[in-house]
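Descriptive analysis of the structure
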Amino acid sequence: MTATRQCPARDYLRNIWNALYSTWEGMSVTLSHMYRRPITTQYPDRIAKPVEDRLPERYRGILEAEVDLCTGCQACARDCPIGCIDAEVRADPGSRQRLIHRFSIDIGKCMYCGLCTDACPSGALRHTQLFVASNVDVLNLVIDFVDEPRPVHKARKSEPAPTPAPRGSILAGRLARIAWDRPRDLPGDPRQRPVDIKIAIEGRDRPEAETDLLAEPMLPAAKASPASRAAIARLPRAEPAPADAPPEEAKQDA
Amino acid sequence: MEAADIARLIDERLGAGTASVYEDLEPQVAIAPERLVEACLYLRDAQELRFDYMRCLTGLDLPPDAMAVVIHLVSTVLKHRLILRVETSRERPSVPSVEGVWPGAGWFEREVFDLLGVDFPGNRDLRRILLPDEWIGHPLRKDYRESRAFFNIPTRRAESIRVVHGSVPPAEEG
Amino acid sequence: MTGTLLATGGAPRTDLVGTLGDWAVRITGLSGWKSGLAYLGAMVVVAALLLAFVALFAGPVTWVERRVAGRMQSRIGPNRVGPHGFLQWLADGLKNLLKEDLVPREADPVLFRLAPYFVWAGMFGTFAVLPFSAAWIAADASIGILYVMAITALVVVGLIMGGWASNSKWSLLGGMRSAAQIVSYEIPTALAILCPVLVAGSLSTQDIIRAQGGWPWQWIAFHDPFCLAALVVFFIASLAEGNRTPFDIPEAESELVSGYNTEYSGFRFLAFLFAEWANLWIMGAVATLAFLGGWQLPGVPADVQAASILLNVAGMAVFVGKTSVLVLVIIHLRWTLPRIRVDQMMNICWKYLVPISFVCLLGAAGWMLVARKLPRAGVAASVALSIAGAALVLSLFVRARWNRLRMGAAAYWKQLT
Amino acid sequence: MDRSILQRFDLTGGEMLLNMGPQHPSTHGVINFVIQADGEVMQKAVPEVGYLHRGMEKIAEGMTWAGFMPFTDRIDYLGAMFANQGYAMAVERLLGVEVPRRAEHLRVLACELNRIASHLIGLGSMALDLGASTPFTHAIREREAINDLTEELCGARLTYNYARVGGVSHDIPSGFDARVKRFLDRFLPFVDEFDRLITRNEIFVKRSASVAVITAAEAIAHGLAGPNLRASGVDWDLRRDEPYSVYPEMEFDVPLGRGERGVVGDCYDRFVVRVEEMRQSARIVRQALGGLPAGDIQAKVPRKIKPAPGSCYAAVESARGEMGFYVVSDGGPEPYRVKIRCGSFTAMTIIEHKSPGLMIADLVALFASLDVVAPEVDR
């Protein structure tokens, strides 16, 4: 084990000395920590002030859209890499006034990257310092900021720019409406719309096609290249899965 | 050393016409697949080149009829760089493996085989590296379309926003 | 003084079972072979008493370890169940009892269920000869130390059985490793503990303690430098016997997932864990009784101490104190040192510990010959050695203060509490 | 486990086939080793990867050029800033955009802080894998300070998304440099204490010195990068040999493996090289902060980025070695092809080559010393 270079006896003793000395040194370091205060915090209940107040000003928390300032430019919806912002702005045929019919953000899919807030010219869309939004159903995580169609904000030179609401105030209300522990029948709760729930359930658990998916030709346009088919052929065939046993069993006992 | 004069050196060494310069933002040296392994051995062992470090091997899908493998080389001794390019057909893409020259290339080639379907004869262990063996198709190809499910696990589900707002398109053609 | 179980009359009893048995015989008036039943009853009572003590030690020591480990790692440790989390061990125990008792399908049904109880028996058996004070020892057997060495072999059987019966490759590896480790570390443990036996001239644990005195320079550890080295060797070897870091190879999480107890859950896992934590006490107690003067009160002769209840309590306090210090050192080591490899573990045992313990044995014997000729030099050497020992411990605390000051005021510049 | 991996073994000798992973305490992230072992000693350990494959390069072909930036954080979540800088440099080279010097300084500052944080986790988890859990907690405690600093700088602790094509997203907040200096003053004594606690600990040395030695030739042949390469004695550091950004103005030295407790290129050297690199990064952070030039932090870049057709390769010295972005543009708003080359990917190739003869505990030490992170291997 120890390379016996010049003199094994010297190595023997040096090993013993190194072991004892480095153990003593290590123990003194850990012992010194007994004199120091622990740094962990007792989140969530035993902390002086809530974490949200302690986060830095630029913290990228859940998005909040102050629709009063929104000019309906949809720059945010275009710039979002995932497309989790649904801003529907249509001109009212009669009065040619552009109305925001819907502005909802799916915070379940949002990755809090901040590209949308960079793109927003009027500061309507911004990050708050809230980050707690756990919920019973992923579909609840879609937050609507517009309940009924409202006109788009036009920045006129004449009046001064409206002062933005305090950050997080609008979002707090919206989060309360979808909170998992909210009282059951809160007035105006969007989740009560029977249509959505039917579609939500139907949309999510649509029964899969019956055909055996592996057999289905996958690339109608360009056939799977001969090289890849040859490579697949070279693979050791798993014992031919009996016709009825779905391939899932073959996967589990691999 | 510039790509052009490296191409000239290769031509002198391996006979005219083996290497040509492919003009790009960073010029590349194009080599025919059959002469690739000899060229790489020469690039690695020649005293004035000494490309001993293969830093990256990339597969490029160039529909409708071509596929390319781009190899980035660096010499840690002479501190200069070179980009090799090997074109091959899209029907039967095959590039000889350079694992013999740089052992590190083995896994890069396995990844190109896995994601693009380029065959690398000579690679000791040509298997799929990232995708499960039973996966059908090569995702990085431009004409790749994902199967609807993999072992009955759906690979696509409706957008949450559209589901909640009742605007789910009728049949998911996915 | 060898107190046999059924000796009647003669010298006063020195063991609990004996005294309780006599008292029972006296008040029930049984005679002949029936008095044996009274002694059996006494044994059961003492065993219950010891089980209570072991439970009340093994549980809270997990709390102490997790709090000390927390503080050493700049964190708090359990502080939610009971005051400062003191009842955490109760919560863990209950949790384990309520957990499902899983037996893997291909596991060997009998051996799998039996393994934890072997380990448990091996551990609990040693408490028979561990003293707590002058008169309080379950059985003052004349072959105390030999008995301790023998009974710990049961633990090995239990671990291998557990490892093999779980029918999982990881457990098998864990079982093999623990077998290799505990069996091979029995040798240095035995050799190292022979020094005190040599000095005290008897295998009985009480006699070894009686051979020492209350003051540190009367302890066997400082009797001569070889005994001090024997203490260090014994301490390291008993770490290996108890599977404690740096020898916790059998259940090395990062390699073997959890070694032999991977497949266990519920009460059986609790039995394994209980045995491991109670083993801490055995390591500390045997080292204290053999090297650090056990329950000897400074300035009070042993037989006076055996007589009065108050002195017995004081003796027990001293014994528990010394053992607790050693247990704290064992805990401290766990949160400082990494784990050694299996071949290094064997290498340390056969190339370092065994030769050193041989040298200590011969040295101690030689030292006793010399000390008999010039007793004053022997006492002077003991005093010098005890001062050196104290200095070593003090240096650790001084170095710790130096470390503390170098790191400046707050361990972390932004206090969030 | 894919069946095809069984081709790599011939179990005629009756050895044991062990599945170490994919959920295993010492495989950082999700990587599986199929080990053919005879008791403790291994004949062969074949790594199996792909459990964390998210198809990053396919996603890139569906994103806009600027939209892919937040995804680069997720390639190596312990070194997000390196991926940001690498991708930004590649696109800037395609566009021919010149980044203002202040933005370059801010990028170097964020990168070096990120390197310290990444090394802290790498070193801590190697100590944890060899059994010492206290150094890991101390390293995480110090990393917490860095996470807070970067949270102030760009709004997120791990997934910075701090770089933009042509610059950075935010300038430093007020009082930021004072806090960074206070952290640096505390950090160097911490590294010395970390050395005393674990680096010079005899058991740690015996567990890692002369274990799984990778010679310089092997390291170069297998394309190892970063600290793994330098620990084998190869003096190759992109920050100095292929200078980019403002690194030429910084003076720092590049630690190499010296084999002081074993052989050059063993696990111990890879550990010590990372500890030394942390000290050098602290020096660079101090210089980057001190010499912060005035000026704006974002160059003029068109809103819809459409680089001219062409391809280029930009490489950055990440905490795990060279992180290179080979981007190909066809003139459209979306990248035609983005190839991401990572240090961990090539480090995996050498494990199978090194595994015969090692013990299982040594495989854990080798894998931890290579500081491999699963998302970087699978992308």
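The text that follows walks through the structure, step by step, so that each part is easy to find. (Residues numbered from 1 in each chain as written. Chains lettered and ligands numbered in written order. Predicted model: local features only at pLDDT ≥ 70, side-chain atom pairs only at ≥ 80, totals over all residues. Heavy atoms only, no water.)

1. Overview of the overall build of chain A
Scanning chain A from terminus to terminus reveals eight helices and six strands. In sequence order, chain A lays out its α and β elements as α-α-β-α-β-β-α-β-β-β-α-α-α-α. Put simply, 75% of the contacts in chain A that link residues at least 6 apart link residues at least 24 apart. Just so you have it, chain A exposes about 14600 Å², and 61% of that area is on carbon and sulfur atoms. (Helix = DSSP H or I, 4+ residues; strand = E, 2+ residues; numbered from the N terminus. Contact = heavy atoms within 4.5 Å. Areas by Shrake-Rupley, 256 points an atom, 1.4 Å probe, with all protein chains shown as cover.)

2. What to know about the interface of chain D and chain B
When the parts of a complex come together, some accessible area is lost, and that lost area is often taken as the interface size. The interface is formed by 47 residues belonging to chain D together with 43 residues belonging to chain B. Regarding the contact of chain D and chain B, the summed buried area is about 3800 Å², with carbon and sulfur atoms giving 57% of it. The interface formed by chain D and chain B holds eight salt bridges in total. Arg93 of chain D is paired through a salt bridge with Glu26 of chain B; the nearest N and O atoms lie 3.7 Å apart. If you look at where chain D meets chain B, you find 21 residue pairs in polar contact (both at pLDDT 80 or more). Ranked by residue count, the leading element in the side of chain D that touches chain B is strand β6 (residues 310-318) of chain D, at five residues. (Buried area = accessible area lost by both parts, 1.4 Å probe. Salt bridge = Lys/Arg side-chain N within 4 Å of Asp/Glu carboxyl O. Polar contact = N/O pair within 3.5 Å; in protein donor to acceptor, adjacent residues only side chain to side chain.)

3. Here's the deal with the packing of aromatic side chains
Each aromatic ring pair is summarised here by two numbers: the centre-to-centre distance and the angle between the ring planes. Counting across every chain of the model gives 37 aromatic pairs over all chains. Ring geometry for Tyr264 of chain C versus Phe272 of chain C: centroids 4.8 Å apart, planes at 75°, classification edge-to-face. Exposure remark for Tyr264 of chain C: the relative accessible area of 5% places this residue in the buried category. Phe272 of chain C gets classed as buried once you look at its relative accessible area, which sits at 4%. Through a chain of ring-to-ring contacts, three or more aromatic side chains come together here, namely Phe183, Phe187, Phe190, Phe194, Phe204, Tyr268 and Phe271 of chain D. Lying across the ring of Phe9 of chain D, Lys44 of chain D places its NZ or CZ 5.9 Å from the centre. We note Arg379 of chain D situated over the ring of Phe345 of chain D; from NZ or CZ to the ring centre the distance is 5.2 Å. (Phe/Tyr/Trp six-rings, centres within 6.5 Å; stacked < 30°, edge-to-face > 60°. Buried < 20%, exposed > 50% of the residue type's maximum accessible area, 1.4 Å probe, protein only. Lys NZ or Arg CZ within 6 Å of the ring centre and 35° of its normal.)

4. Structural notes on the pairing of strand β5 (residues 81-89) of chain B
Residues and elements named next belong to chain B. Pairing geometry for strand β2 (residues 28-31) and β5, over two bridges, is parallel. Residue pairing for β5: Ala30 is matched across the bridge by Arg85. Linking strand β4 (residues 66-74) back to β5 in an antiparallel pair, the connection comprises six residues, with Lys79 at a positive phi of about 60°. (Pairing = 2+ DSSP bridges.)

5. Section: the packing of helix α1 (residues 8-32) of chain A against helix α15 (residues 375-406) of chain C
Close contact between α1 of chain A and α15 of chain C brings their axes to 8 Å; oriented N to C, the two are set at 55°. Regarding the angle of α1 of chain A to α15 of chain C, the classification is oblique. In terms of crossing hand, the pair formed by α1 of chain A and α15 of chain C is right-handed. Residues Tyr21, Trp24, Glu25, Met27, Ser28, Val29, Leu31 and Ser32 of chain A of α1 of chain A lie in contact with α15 of chain C, whose contacting residues are Leu392, Ser395, Leu396, Phe397, Arg399, Ala400, Asn403 and Arg404 of chain C. Residue composition of the contact of α1 of chain A with α15 of chain C, grouped by class: nine nonpolar, four polar and three charged. (Axes fitted to C-alpha atoms, helices over the stretch in contact; angles between N-to-C directions. Parallel < 35°, antiparallel > 145°, perpendicular 65-115°, else oblique. Left-handed = near helix turned anticlockwise from the far one by under 90°. Nonpolar A, V, L, I, M, F, W, Y, C, P; charged D, E, K, R; others polar.)

6. Description of the packing of helix α5 (residues 144-151) of chain C against helix α6 (residues 153-165) of chain C
All names here are of chain C. Running from amino to carboxyl end, α5 crosses α6 at an angle of 5°, the nearest separation of the two axes being 4 Å. It follows from the interaxial angle that α5 and α6 lie roughly parallel. Contacts from Met149, Ala150 and Ile151 of α5 reach α6 at Ala153, Leu154 and Val155. Grouping the constituent residues of the contact of α5 with α6 by class yields six nonpolar, no polar and no charged.

7. What to know about empty space enclosed by the protein
Throughout the structure, instances matching the rule amount to nine cavities of 30 Å³ or more. Estimated volume of the largest cavity: approximately 220 Å³. Along its surface, the largest cavity is lined by 17 residues, and Val148, Thr152, Glu241, Asn279 and Ile282 of chain C are the ones closest to its centre. Listed by contribution, the elements that provide at least two residues to the lining of the largest cavity are α4 (109-125), α5, α7 (169-200), α9 (225-241) and α11 (266-291) of chain C. By residue number, the principal contributor to the lining of the largest cavity is α11 of chain C, which donates four residues. Grouping the amino acids of the lining of the largest cavity by side-chain chemistry returns nine nonpolar, six polar and two charged. One number sums up the size of the second largest cavity: a volume of about 150 Å³. Along its surface, the second largest cavity is lined by 19 residues, and Cys70, Gly72, Cys76, Phe103 and Cys120 of chain A are the ones closest to its centre. Among the secondary structure elements, those contributing two or more residues to the lining of the second largest cavity are β2 (85-91) and β3 (98-106) of chain A. The residue inventory of the lining of the second largest cavity, partitioned by class, reads 13 nonpolar, four polar and two charged. (1 Å grid on protein atoms, 1.4 Å probe; cavity = no way out; pocket = protein on both sides within 12 Å on 5 of 7 lines; lining within 4 Å. Points joined across faces, edges and corners; volume = space filled by probe spheres on them.)

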